[in-house]
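Structure at a glance
Residues per chain are reported as follows:
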Amino acid sequence: MLPNATARYKINAAYQPEFKVVVGIPVLSGFNVNLFENSFSLEDVLTKKSTPFGDSTILDIDKLRSNMSKDFRVHFAQDLNILSVAFKTGKKGYSSISIDQKSNMGFGFGTGLIDFLAEGNTPYIGMTQDLGGIHADATAYVEAALGYSRVIKDKWTVGGRLKFLFGAVNANIKNSDIEVETDANGENMILRSKQEIYISAPITGLPTGKIDLENAFDDVDFDENAIGNMGFAVDLGASYRMNDNWNFGVAVNDLGFINWKKGVYKLTQDASFKWEGADVSNSINKNDSEYREIGDVFDDLVDSLSSAFQVIEGENVSYTQMLKANVNLYATYNINKRVNFGALLRGVMMSDKFYPSMTLSANTRPLKNLGISVSYSVYQGNYANVGVGIAPRFGG
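Figured I'd write up the structure that's included with this text.

Rules used throughout
- Along each chain, the written sequence defines residue order, and numbers are assigned to residues from 1.
- Predicted model: local features are reported for residues with pLDDT of at least 70 only, side-chain atom pairs are reported and counted for 80 or more only, and whole-chain, interface and lining totals are derived from all residues.
- Processing note: side-chain calculations cover all non-hydrogen atoms of the structure and skip hydrogens and water entirely.
- Going along the chain from the N terminus, every DSSP run of H or I of four or more residues is numbered as a helix, and every run of E of two or more is numbered as a strand.
- Only protein chains enter the area calculation, which uses a 1.4 Å probe; residues under 20% of their type maximum are buried, those over 50% are exposed, and those in between are partly exposed.
- Contacts are assigned to residue pairs that have any heavy atoms within 4.5 Å of one another.
- Computed with the Shrake-Rupley method and a 1.4 Å probe, the accessible areas treat only the protein chains shown as cover for residues.
- In this scheme Phe, Tyr and Trp rings, the latter by its six-membered ring, pair at centre separations within 6.5 Å, and the angle between planes marks the pair as stacked below 30 degrees, edge-to-face above 60, and tilted otherwise.
- To define a nonpolar core, start from buried Ala, Val, Leu, Ile, Met, Phe, Trp, Tyr and Cys residues and group those joined through side-chain atoms within 4.5 Å.
- When a carboxyl oxygen of Asp or Glu is within 4 Å of a side-chain nitrogen of Lys or Arg, the pair counts as a salt bridge.
- When DSSP locates at least two bridges between a pair of strands, those strands are taken to pair.

1. Focus: the overall build of the protein chain
Of the regular secondary structure elements, the protein chain holds 3 helices and 23 strands. Looking at the protein chain as a whole, 36% of its 396 residues are labelled buried. Long-range contacts, defined here as pairs at least 24 residues apart, represent 66% of the contacts in the protein chain between residues at least 6 apart. Of the roughly 22,400 Å² that the protein chain leaves accessible, carbon and sulfur atoms contribute 59%.

Following this line, the structure appears as structure tokens:
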């Protein structure tokens, strides 16, 4: 971890900067973007193949299946510090005030969908094939935090942060299930889809009851009074200084929730479609009085499929969503006042599952007001993650 990086207190609420007062500059004081993906990289899904026209890169479904974990997840998070002030409180205390704008997005699905694309329904004749569900969520909110940490008996430091949350936008799929049933002779398939989607946004005019998606949003308008979904969270941390070289820390962050009750909308779907194929018998002889273009036949099929899965009902409700809590365990070894090495074990809760990662770093402060860090991270079997960080400090 970077020496004197004031953003370290976000990892551990017990962290105390060495300065009496730290003032964060809006935007410049902290802007973090994180991207997490738990299954594969581009090299795991793309294959070079020789063709008469030269080498080309193709999407290799079999390679994708072999490299995927049981569930695919991708997660994006952004944290923009708007204002932060931290200052010493007495000889052993340190207080902080901060305001941040945060947002995150996630998407995922099970391997059943990939298996269906690769194998079709042939292995499941006379059976029901579970394609899994779709996991998706997006959240934007403002966080106002009050923090305090205190040194105990010189070696231990404990701290906490109380965070008041103001939710702006949320959309998430709480329950999702997709399956395909194939009859015993393999001629017909029944596609079934059950979805439960929640949306909270500063808008009004969304329809309720059965919805025609083509005209569902004609009367939607912005509603400034729908902002203000409240929530609360806490961060807890502790650190231990064994000697002048070794330091250890543990922290749990974002233990909390947002209660979405303004501009809230729930969409539910429970639909099925019997796939009997496309009848192209009248598309062979153009002289036939009942002749139809093949394109028209498949257009009708697509329209029928779209109509079947457009059976959606909407209603106004309220709901509570937990934040993506994370746990951090770290150790640092100080060579001297300007150079140290660090190890960080981190775990994040997403969609009721725990995703661990590990980061090793080498950190130096070549100048009084400048810190530089080089890091290497491993998460979910992905080993090619190298990072570089720079932490300038302005002032005396």
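From this point, the discussion proceeds with the structure in view.
2. Things to note about the packing of aromatic side chains
Within this structure, the stated rule accounts for 5 aromatic pairs. Ring centres of Phe164 and Phe232 lie 5.6 Å apart, and the angle between their planes is 75°; on these two criteria the pair is classed as edge-to-face. Of this pair, Phe164 sits in strand E9 (residues 156-182) while Phe232 sits in strand E14 (residues 229-241), placing them 68 residues apart in sequence. Looking at Phe164, the relative accessible area reads 28%, which means it is partly exposed.

3. Digging into the nonpolar core
Burial of nonpolar side chains together is a common tendency in soluble globular proteins. Ranked by size, the top nonpolar core spans 9 residues in total: Tyr141, Leu165, Tyr198, Ala233, Ile258, Trp260, Val264, Tyr319 and Leu323. Beyond its immediate chain neighbours, meaning those up to four positions away, Ile258 contacts Tyr141, Leu165, Gly167, Asn229, Met230, Gly231, Tyr319, Thr320, Gln321 and Leu323. Judged by nonpolar contacts, the second largest core, of 6 residues, contains Leu131, Val180, Met189 and Phe273.

4. Thoughts on the pattern of salt bridges
In this structure the tally under the stated criterion is 10 salt bridges. Note that Glu143 and Lys102 form a salt bridge whose closest N and O atoms lie 2.9 Å from each other. Here the residue Glu143 occupies a position in strand E8 (residues 134-152), and Lys102 occupies one in strand E6 (residues 93-110), the gap between them amounting to 41 residues. A relative accessible area of 4% places Glu143 in the buried class. Look at Lys102 and you get buried, because its relative accessible area is 13%. Through salt bridges with shared partners, a single ionic network connects Lys102, Glu143, Arg161, Lys163, Asp235 and Asp254.

5. Digging into helix H2 (residues 111-119)
Taken together, the buried positions of H2 are occupied by Gly112, Ile114 and Phe116. At the C-terminal side of H2, Gly120 shows a positive phi close to 70°.

6. Considering the pairing of strand E18 (residues 319-322)
In E18, alternate side chains face the same way, and those of Tyr319 and Gln321 are buried while those of Thr320 and Met322 on the opposite face are not. Bridge analysis of strand E15 (residues 246-260) against E18 gives 4 bridges, and the strand direction is antiparallel. Paired with Ile258 across the strands is Gln321, a residue of E18.

7. A closer look at unusual backbone geometry
Positive phi, normally seen in glycine, also occurs at Asp154, with a value near 70°. With respect to the helices, strands and loops of the structure, Asp154 is situated in the loop between E8 and E9. A positive phi is found at Asp254, a non-glycine position, where the angle reads about 60°. Checked against the element boundaries, Asp254 lands in strand E15.

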